[in-house]
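Structure at a glance
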Amino acid sequence: MGREVAESCIDGVIIEMVSAYASSFYSSKPDLAARRIEAIGFQVGHQLSERYTMERPRFADHLEAIKFICKDFWSELFKKQIDNLKTNHRGTFVLQDNHFRWLTRISLDPAAVANNDATSESESGADMTSMLLYFPCGIIRGALNNLGISCAVSADMTNLPACSFVIRIKA
Amino acid sequence: MQFFSGSAPPGRGAGGPGNNAHMHMLYIFNRAGVCLLYREWNRPLRTLDPQQDHKLMFGLLFSLRSFTAKIDPTTAEKGNLGVPLLPGQGCSFYSFKTNTYQLNFMETPSGIKLILLTHSRTGDQKESLKYIYNLYVEYVVKNPLYVPGTPIQCDLFTKNLDQYVRTLI
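The name given to chain B in an unreviewed UniProt entry is Trafficking protein particle complex subunit, and the organism recorded there is Rhynchospora pubera. According to the UniProt record, the Subunit (unreviewed entry) comment for chain B reads "Part of the multisubunit transport protein particle (TRAPP) complex." Listed in UniProt under the heading Sequence similarities (unreviewed entry), the comment for chain B reads: "Belongs to the TRAPP small subunits family. BET5 subfamily."

Per an unreviewed UniProt entry, chain A goes by the name Trafficking protein particle complex subunit 6B and belongs to Rhynchospora pubera.

Rendered as structure tokens:
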């Protein structure tokens with residue numbers, strides 16, 4: 001388990017993957033691109049959760065599993081824990097990260113944000129960012145799926161670099 | 001015995017006599033000569049329109065680099081005078097100083113040229129240029145939304161750059 005890779009390589013691969021799927025492979029069908037990116041994240045989350053729960057006993061309930069995601073899983077992936085966890089005790093959890101690692105370098109172009117031009121061909125910064133966020137949603141979904149919890153995950157990015165992930169467990 | 005008091009150049013705004021307004025300007029060019037960034041923090045006099053200004057600046061540094069490498073007395077082999085130099089070739093040119101300003105230059109192996117104009121009493125600016133290049137890598141190159149070769153419009157980069165340059169002034 002000793003091989004290491006520079007973090008900028010991982011950042012570069014993820015950026016390029018998202019941009020390739022969003023702009024070249026499915027450029028006319030953004031929702032297909034989103035599903036594909038999320039599916040890739042699903043695989044990754046599945047395998048990662050296998051690796052990180054090797055020595056642990058089974059989780060008692062959903063809350064324990066979510067807490068594992070917030071603390072151990074997130075610190076293995078992003079070197080920090082989730083900052084805020086909220087739940088309504090009826091299957092919905094909101095995980096808030098105030099400084100999400102993959103969003104720290106994004107600066108939305110102010111001119112593009114103000115100019116809501118539907119005729120512009122290139123994707124706006126906000127679209128690209130939401131595409132990028134499908135990947136961690138998939139990771140979370142894959143990890144939870146491997147722990148036996150099927151759910152739906154969505155991301156909310158009202159103010160960068162903070163973002164929150166909403167997990168809805170299918171009862 | 002004030003020879004130069006009151007002789008502010010024309011077109012200057014609120015400069016008075018003895019005003020030691022420091023100028024600081026930064027240009028970033030890529031290998032093809034596209035001006036990726038031009039920022040000024042205090043420029044008292046403007047003579048050319050921006051496009052010409054950028055082209056002149058790029059041309060100046062291109063030729064200066066070539067010239068300084070060719071008259072280098074320490075290396076043995078020289079190419080022909082007209083051959084353009086690759087980024088690492090030849091001796092590296094750092095700065096030139098006049099009585100009013102100093103131009104500091106840094107070129108990276110990838111062809112990114114950073115040019116910082118400061119007042120002539122600042123010392124060596126190699127460390128500052130390296131720091132600015134580091135900011136460029138962090139906030140521009142690693143930004144998923146940036147298309148390489150286009151002018152930089154990243155908020156985070158300009159904010160951090162402004163913050164850093166204010167500590168230098």
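Moving on to the overall build of chain A. Regarding its fold elements, chain A presents five helices and four strands. Listed by position from the N terminus, the elements making up chain A come as α-α-α-β-β-α-α-β-β. A total of 171 residues make up chain A; the buried ones form 36% of that total. Partitioning the intrachain contacts of chain A with sequence separation of at least 6 by distance along the chain shows that 60% fall at a separation of at least 24. A total accessible area of about 10000 Å² is found for chain A, and carbon and sulfur atoms account for 50% of it.

Next up on the list: the pairing of strand E2 (residues 92-97) of chain A. The side chains of a regular strand alternate between the sheet's two faces. Residues and elements named next belong to chain A. What you see with E2 is a clean split: Phe-93, Leu-95 and Asp-97 sit on the buried side and Thr-92, Val-94 and Gln-96 on the side with no burial. As defined by bridge partners, strand E1 (residues 84-87) adjoins E2 across four bridges and the pair is classed as antiparallel. Note on E2: the bridge partner recorded for Asn-84 is Gln-96. Between E1 and the antiparallel strand that follows it, E2, lie four residues; His-89 among them carries a positive phi value of about 55°.

Before going further, it helps to examine the interface of chain A and chain B. Accessible area lost on assembly of the parts is the figure often given for the size of an interface. On the side of chain B, ten residues touch chain A, which itself brings 13 residues to the contact. Three residues, Ile-15, Arg-105 and Ser-107 of chain A, lead the burial of chain A against chain B; their summed loss comes to 53% of the area buried on that side. The tally of links between chain A and chain B comes to one salt bridge. A salt bridge links Arg-105 of chain A to Glu-138 of chain B, with the shortest nitrogen-to-oxygen separation between them at 2.9 Å. In this assembly, chain A and chain B are joined by one residue pair in polar contact (both at pLDDT 80 or more). For the side of chain A that touches chain B, the elements supplying multiple residues, two or more each, are helix H1 (7-25) and helix H5 (125-146) of chain A. The element that contributes the greatest number of residues to the side of chain A that touches chain B is H5 of chain A, accounting for four residues.

This paragraph deals with the sheet that holds strand E4 (residues 101-107) of chain B. All names here are of chain B. Reading across the sheet, the five strands line up as E2-E1-E5-E4-E3 and stay open at both edges, with antiparallel pairing between neighbours. The open sheet has two edge strands with one neighbour each: strand E2 (35-40) and strand E3 (95-97). Each strand of the sheet is rotated relative to its neighbour by a mean of 10°, with strand direction disregarded. Bridge count for strand E1 (residues 25-29) against strand E5 (residues 113-119) is five bridges, and the pairing is antiparallel. In the strand pairing of E5, Tyr-27 is matched with Ile-115.

Moving on to the side chain of Thr-108 of chain B. Within the element layout of this structure, Thr-108 of chain B appears in the loop between E4 and E5. Owing to a relative accessible area of 4%, Thr-108 of chain B belongs among the buried residues under this scheme.

Ile-69, Trp-74, Leu-95, Phe-100, Leu-144, Phe-165 and Ile-167 of chain A are the most contacted members of the largest nonpolar core, which totals 41 residues. Those elements giving two or more residues to this core turn out to be H1, helix H2 (30-52), helix H3 (62-78), E2, H5, strand E3 (151-156) and strand E4 (163-169) of chain A. Examining the composition of this core, we find that ten residues originate from one element, H5 of chain A, more than from any other. Excluding residues within four positions of it along the chain, Leu-144 of chain A makes contact with Ala-65, Ile-66, Ile-69, Ile-149, Cys-151 and Ile-167 of chain A. Of all hydrophobic cores here, the second largest spans 23 residues; its members include Ile-28, Ile-112, Leu-135 and Leu-156 of chain B.

Conventions adopted
- Residues numbered from 1 in each chain as written.
- Chains lettered and ligands numbered in written order.
- Predicted model: local features only at pLDDT ≥ 70, side-chain atom pairs only at ≥ 80, totals over all residues.
- Heavy atoms only, no water.
- UniProt positions renumbered as here; feature names shortened; annotations may be inferred.
- Helix = DSSP H or I, 4+ residues; strand = E, 2+ residues; numbered from the N terminus.
- Buried < 20%, exposed > 50% of the residue type's maximum accessible area, 1.4 Å probe, protein only.
- Contact = heavy atoms within 4.5 Å.
- Areas by Shrake-Rupley, 256 points an atom, 1.4 Å probe, with all protein chains shown as cover.
- Pairing = 2+ DSSP bridges.
- Buried area = accessible area lost by both parts, 1.4 Å probe.
- Salt bridge = Lys/Arg side-chain N within 4 Å of Asp/Glu carboxyl O.
- Polar contact = N/O pair within 3.5 Å; in protein donor to acceptor, adjacent residues only side chain to side chain.
- Axes fitted to C-alpha atoms, helices over the stretch in contact; angles between N-to-C directions.
- Core = buried A, V, L, I, M, F, W, Y, C linked by side-chain atoms within 4.5 Å.

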